[in-house]
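The residues making up each chain are set out below.
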Amino acid sequence: MSITIETHNLTRRFGDLVAVDQLDLAINSGEIFGLLGPNAAGKSTTIRLLAGILRPDSGEASILGLNLFTQTELIKQRIGYVAQQFALYHDLTVYENITFYGGLYGVNDKPRFHELLELYDLTQFKNKNAGLLSGGYKRRLAIVCATTHDPELIFLDEPTAGIDPVTRKELWDLFYSLAANGKTLFVTTH
């Protein structure tokens with residue numbers, strides 16, 4: 001197995017606060033890695049570091065064999081990121097959100113978009129404004145938008161927080177399926 005994420009002494013500070021302190025990781029491809037901890041423990045900061053959204057203060061990191069410090073833009077093209085808060089466009093329909101996010105990655109694969117709608121049980125809501133979806137369906141849409149470009153590594157920040165147990169189980173079944181197909185998932189939860 002190849003290593004998808006590898007870090008050595010990765011550190012991030014916000015003033016005097018050390019949010020991530022000398023993090024060492026080695027995560028293989030196809031794994032579901034869970035980063036557990038209470039609120040304000042640095043889980044979201046860790047994801048933002050590994051996704052290239054924040055710069056580490058020190059340490060080393062390799063994501064998908066690429067250097068996090070010098071090849072950040074290449075990394076961003078090969079990952080998916082689902083933020084803890086709903087970060088899609090409320091006034092766009094479900095399908096418009098999917099095509100918009102696909103377009104950011106140069107993807108205009110309508111059959112893939114329809115396949116994702118079906119897989120995540122969103123077909124019935126295709127023409128509904130995203131802001132009108134329930135919390136569970138908003139989460140499904142966020143995952144679809146983050147995977148339109150078929151990324152190798154998917155960061156999921158609290159992916160099942162605030163959703164019902166049935167939807168939680170359905171999402172975890174989909175996560176296991178993604179990993180079985182070779183995707184690496186980095187999941188945070190409290």
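Above this text you will find the structure in question.
Residues numbered from 1 in each chain as written. Predicted model: local features only at pLDDT ≥ 70, side-chain atom pairs only at ≥ 80, totals over all residues. Heavy atoms only, no water.

**Student:** Help me get a handle on the environment of L153, residues and values and all.
**Tutor:** Tracing the backbone shows L153 in strand 7 (residues 153-157). A C-alpha to C-alpha distance of 18 Å links L153 and R139, two positions 14 residues apart in sequence. Setting aside its immediate chain neighbours within four residues, L153 contacts T4, I5, I63, L64, R78, I79, G80 and T184. (Helix = DSSP H or I, 4+ residues; strand = E, 2+ residues; numbered from the N terminus. Contact = heavy atoms within 4.5 Å.)

**Student:** Outline the nonpolar core, supporting the account with residue identities and numerical values.
**Tutor:** Counting 32 residues, the largest nonpolar core has V94, I98, Y120, L122, L141, L156 and L185 as its most contacted members. The element contributing the most residues to this core is helix 5 (residues 135-146), with 7 residues. If we skip the residues at most four places from it in the chain, L156 touches I47, V82, I143, F175, L185, F186, V187 and T188. Listed in part, the 22 residues of the second largest apolar core include L10, L23, L35 and L54. (Core = buried A, V, L, I, M, F, W, Y, C linked by side-chain atoms within 4.5 Å. Buried < 20%, exposed > 50% of the residue type's maximum accessible area, 1.4 Å probe, protein only.)

**Student:** Explain the environment of Y95 residue by residue, including any values.
**Tutor:** Along the chain, Y95 turns up in helix 3 (residues 94-104). Spatially, the C-alpha atom of Y95 lies 8.3 Å from that of K128, the residues being 33 residues apart in sequence. Residues within four places of Y95 in sequence aside, it is in contact with K110, F113, H114, L117 and K126.

**Student:** How would you sum up helix 3? Please name residues and give values.
**Tutor:** Counting along an α-helix, one turn takes 3.6 residues, and residues three or four places apart therefore face a common direction. For helix 3, the set of buried residues is V94, Y95, N97, I98, Y101 and G102. In a view along the axis of helix 3, the buried residues occupy a sector of 160 degrees, so they form one face of it. Packed against the buried residues of helix 3 are helix 4 (110-119) and helix 5. Just downstream of helix 3 lies G106, where phi reads positive at about 75 degrees. (Arc of directions from axis to C-beta.)

**Student:** Any details on the sheet that holds strand 1 (residues 3-14)? Residues and values, ideally.
**Tutor:** Strand pairing within a sheet occurs via backbone hydrogen bonds; the two strands may be parallel or antiparallel. A sheet is described by the order of its strands in space; here 4 strands give the open sequence 2-1-4-5, paired in antiparallel fashion. The open sheet has two edge strands, strand 2 (17-28) and strand 5 (66-67), and neither has a second partner. For strand 1 and strand 4 (residues 58-63), the ladder comprises 5 bridges, and the chain directions are antiparallel. Following the sheet pairing, T7 is matched in strand 4 by A61. Each of strand 1, strand 2 and strand 4 touches helix 1 (residues 43-50); the most contacted strand, strand 1, lies at about 120 degrees to it. (Pairing = 2+ DSSP bridges. Axes fitted to C-alpha atoms, helices over the stretch in contact; angles between N-to-C directions.)

**Student:** Describe helix 6 (residues 165-180), listing the residues and the values that go with them.
**Tutor:** The terminal C-alpha atoms of helix 6, which comprises 16 residues, lie 22 Å apart, in line with the 22 Å expected from a rise of 1.5 Å per residue. Residues of helix 6 that are buried in the fold lie against strand 3 (32-36), helix 4, helix 5, strand 7 and strand 8 (184-189). Between the side-chain oxygen of the N-cap and the backbone nitrogen of V166 there are 3.1 Å, and the N-cap of helix 6 in question is D164. Just downstream of helix 6, G182 is the residue with a positive phi angle, here 95 degrees. (Expected span 1.5 Å × (residues − 1). Polar contact = N/O pair within 3.5 Å; in protein donor to acceptor, adjacent residues only side chain to side chain.)

**Student:** Lay out the pattern of salt bridges in plain terms, naming residues and giving numbers.
**Tutor:** With the rule as written, the count across this model stands at 7 salt bridges. Note that E152 is salt-bridged to R78, the shortest N-O span being 2.6 Å. Placement of the pair is E152 in the loop between helix 5 and strand 7 and R78 in the loop between helix 2 (72-77) and strand 6 (79-82), with a sequence separation of 74 residues. R112 is the partner of D150 in a salt bridge, and the nearest nitrogen-oxygen pair spans 3.9 Å. Remark: R112 occurs in helix 4 and D150 occurs in the loop between helix 5 and strand 7; sequence separation between them is 38 residues. (Salt bridge = Lys/Arg side-chain N within 4 Å of Asp/Glu carboxyl O.)

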